Amino acid sequence: MQKRPCIVNIVNFIRAVEPRLEMDLYEPVREQLALLEKYGMRGTFLLQYDALLDETYVNMLRHGAHETGVWLEIMEPLVKDCGLPWRGRFPWDWHSHVGFSVGYTPEERERLIDCVMGKFKSLFGVYPKSVASWMIDAHSLGYLSDKYHITASANCKEQWGTDGYTIWGGYYNQAYYPSRTNALAPGGSVETQIPLPVFRMLGSDPVLQYDYGLNPESGAASSQGVITLEPVYTGNAGGGGVPAWVDWFLDEVMSGCCLSFNYAQAGQENSFGWKAMKDGLTYQFERLSDLSKAGKIRIETLGESGEWFRKQYPLTPNSATTALSDWKKEGKRSIWFCSRKYRVNCYSEGGTFWFRDLMLFNDSYAERYLRDTCKNENMTYDTLPVTDGNRWSSGGKRAGWYFNGKSGPLDVKDCAVEEDGENLRIILKTSGGSITVTCRTASLEILAPRGLDFHLEMVWGQSAEMDGAETSEKTLKLRHEGFAYEARLAAGFFKGSAVVPEQGRIVLEMR
């Protein structure tokens with residue numbers, strides 16, 4: 001297998017106010033800078049507009065080797081400096097309709113961006129290369145790219161309801177060129193994409209985060225908890241403050257098959273306070289330093305990674321995030337494949353293997369806020385579900401497409417993952433022989449040995465999409481948020497809730 005780059009961005013972002021809890025917001029920045037200097041590493045510091053108005057932060061970051069950029073949340077001084085009314089509860093309000101670009105009209109978004117970019121240039125002499133946020137709408141990303149020629153952005157990991165932000169169904173890890181109509185989905189072509197790589201933040205646990213909080217009887221959590229590389233998370237589920245989880249993440253996830261490059265973002269926002277992040281961040285930085293010195297990872301600024309990505313890829317590449325073990329050694333495996341057409345999660349637990357998630361990307365499915373504004377505290381970004389193992393599970397049924405034989409789920413004794421150019425090959429070893437799953441840019445192929453009796457069983461508990469689906473021999477027609485789409489079989493047949501192979505072969509085309 002060709003050795004692929006393994007890139008880590010250390011990104012810390014800075015707020016000047018935290019209305020929920022009184023704390024020293026300068027201390028985390030001072031200590032993060034000291035840790036980076038101790039280990040000889042470079043990081044990216046992204047300043048919110050209120051932090052740009054505070055000369056203490058500016059003086060900390062005006063000189064040195066670190067990258068300084070913008071954290072694009074909207075707060076009172078920025079809005080007032082643009083001559084707009086402030087609707088928030090506090091000078092900084094995290095509710096989506098006031099604290100993010102989606103709460104403002106496209107014309108207002110451009111005014112807000114011009115204001116913060118102008119302020120940055122007045123302080124640092126140049127426009128920033130990197131502008132990120134938990135979520136930036138497609139109109140604003142296009143404006144930042146077209147007018148200011150920034151080289152990198154970043155957005156939040158996949159999550160449902162956390163902090164009021166649902167970001168669900170996107171390119172799972174690494175980076176992608178967003179669609180000009182939907183900031184969460186890759187553009188399908190050079191013409192429909194924004195030429196600005198967006199990196200997925202926080203180092204999400206690829207095994208456990210996806211359906212964290214799911215109760216198979218009652219369904220998914222309305223607001224998910226967090227299992228990420230963020231050093232403040234120290235619970236039993238794992239996270240960046242648990243050394244054993246960090247070791248597993250860096251050794252297992254960051255070295256697996258990836259097709260393009262392995263990636264993680266480390267660091268922490270200052271508004272968690274230094275005490276909460278100190279131990280986890282110190283441990284992580286020591287590990288990252290050792291891995292960097294050993295040549296196993298590249299530590300880069302966000303802007304540098306964006307420039308590299310643009311030189312490497314004219315279109316969003318195929319990528320994979322692979323974990324053939326879970327950190328608790330409970331026999332769980334998770335393989336994510338993403339292309340500019342779809343994403344799929346292949347998952348194994350207790351000897352059972354299934355497609356836990358399958359989402360389609362389509363430039364015609366526009367985000368809610370492309371021209372409209374978010375009206376309340378909760379924003380929603382999504383794509384087109386074919387199966388959703390988190391949201392569609394209930395009534396004792398874990399949703400997904402299961403590999404079944406005559407008498408139930410096939411017993412998968414082992415699985416392996418291989419790279420085949422830009423395609424990903426997954427080999428499932430069963431008592432009846434090996435099944436090969438090949439993930440390509442616009443199709444998913446399953447090939448079984450002669451004589452093995454198997455099919456894919458589509459399982460769901462509650463799903464408006466599946467309950468209203470129309471199935472013919474070759475086509476599964478679905479509707480999500482009023483948008484019609486389909487998955488089509490080039491080989492195999494839909495038969496009730498089953499996908500039946502044709503001469504041992506199933507090929508699903510992503511349309």
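Residues numbered from 1 in each chain as written. Predicted model: local features only at pLDDT ≥ 70, side-chain atom pairs only at ≥ 80, totals over all residues. Heavy atoms only, no water.

Let us now look at the pairing of strand S1 (residues 6–14). Along any regular strand the residues' side chains alternate between the sheet's two faces. Counting buried residues in S1 gives 9 out of 9 residues, a clear majority hidden from the surface. Of the strand pairs in this sheet, S1 and strand S2 (residues 44–47) are connected by 4 bridges, and their pairing is parallel. Residue Phe13 lies in a different strand from S2, and its bridge partner there is Leu46. For the segment spanning S1, helix H1 (residues 26–39) and S2, crossover handedness is right-handed. (Buried < 20%, exposed > 50% of the residue type's maximum accessible area, 1.4 Å probe, protein only. Helix = DSSP H or I, 4+ residues; strand = E, 2+ residues; numbered from the N terminus. Pairing = 2+ DSSP bridges. Right-handed = clockwise from strand over helix to strand, strands pointing away.)

Take empty space enclosed by the protein next. As enumerated under the stated definition, the model contains 5 cavities of 30 Å³ or more in all. Each pocket or cavity is described by its volume, and for the largest cavity that value is around 90 Å³. Around the largest cavity, the lining is made up of 13 residues, and of these Tyr172, Asn173, Met201, Gly203 and Ser204 lie nearest the centre. Among the residues making up the lining of the largest cavity, the classes are represented as 6 nonpolar, 4 polar and 3 charged. (1 Å grid on protein atoms, 1.4 Å probe; cavity = no way out; pocket = protein on both sides within 12 Å on 5 of 7 lines; lining within 4 Å. Points joined across faces, edges and corners; volume = space filled by probe spheres on them. Nonpolar A, V, L, I, M, F, W, Y, C, P; charged D, E, K, R; others polar.)

A few words on the sheet that holds strand S21 (residues 433–439). Taken in spatial order, the 8 strands line up as S19-S20-S21-S22-S29-S26-S25-S24 in an open sheet, and their pairing is antiparallel. Only two strands of the sheet have a single neighbouring strand rather than two, namely strand S19 (412–420) and strand S24 (470–471). Taken together, the 7 bridges between strand S20 (residues 423–430) and S21 define a ladder with antiparallel strand orientation. By the bridge assignment, Ile427 is partnered in S21 with Thr436.

You can see Thr471 is positioned in strand S24. Judged by relative accessible area, Thr471 falls into the partly exposed class, the value being 40%. Along the chain, Thr471 and Val246 lie 225 residues apart, while their C-alpha atoms are 44 Å from each other. Residues in contact with Thr471, not counting those within four places in the same chain, are Leu476 and Phe494. (Contact = heavy atoms within 4.5 Å.)

Glancing now at the layout of surface pockets. Quantified by volume, the largest pocket comes out at close to 390 Å³. Forming the boundary of the largest pocket are 22 residues, of which Arg20, Trp134, Asp163, Glu269 and Phe272 lie nearest the centre. Of the residues contributing to the lining of the largest pocket, the split by class is 11 nonpolar, 3 polar and 8 charged.

Geometry only, nothing functional implied.
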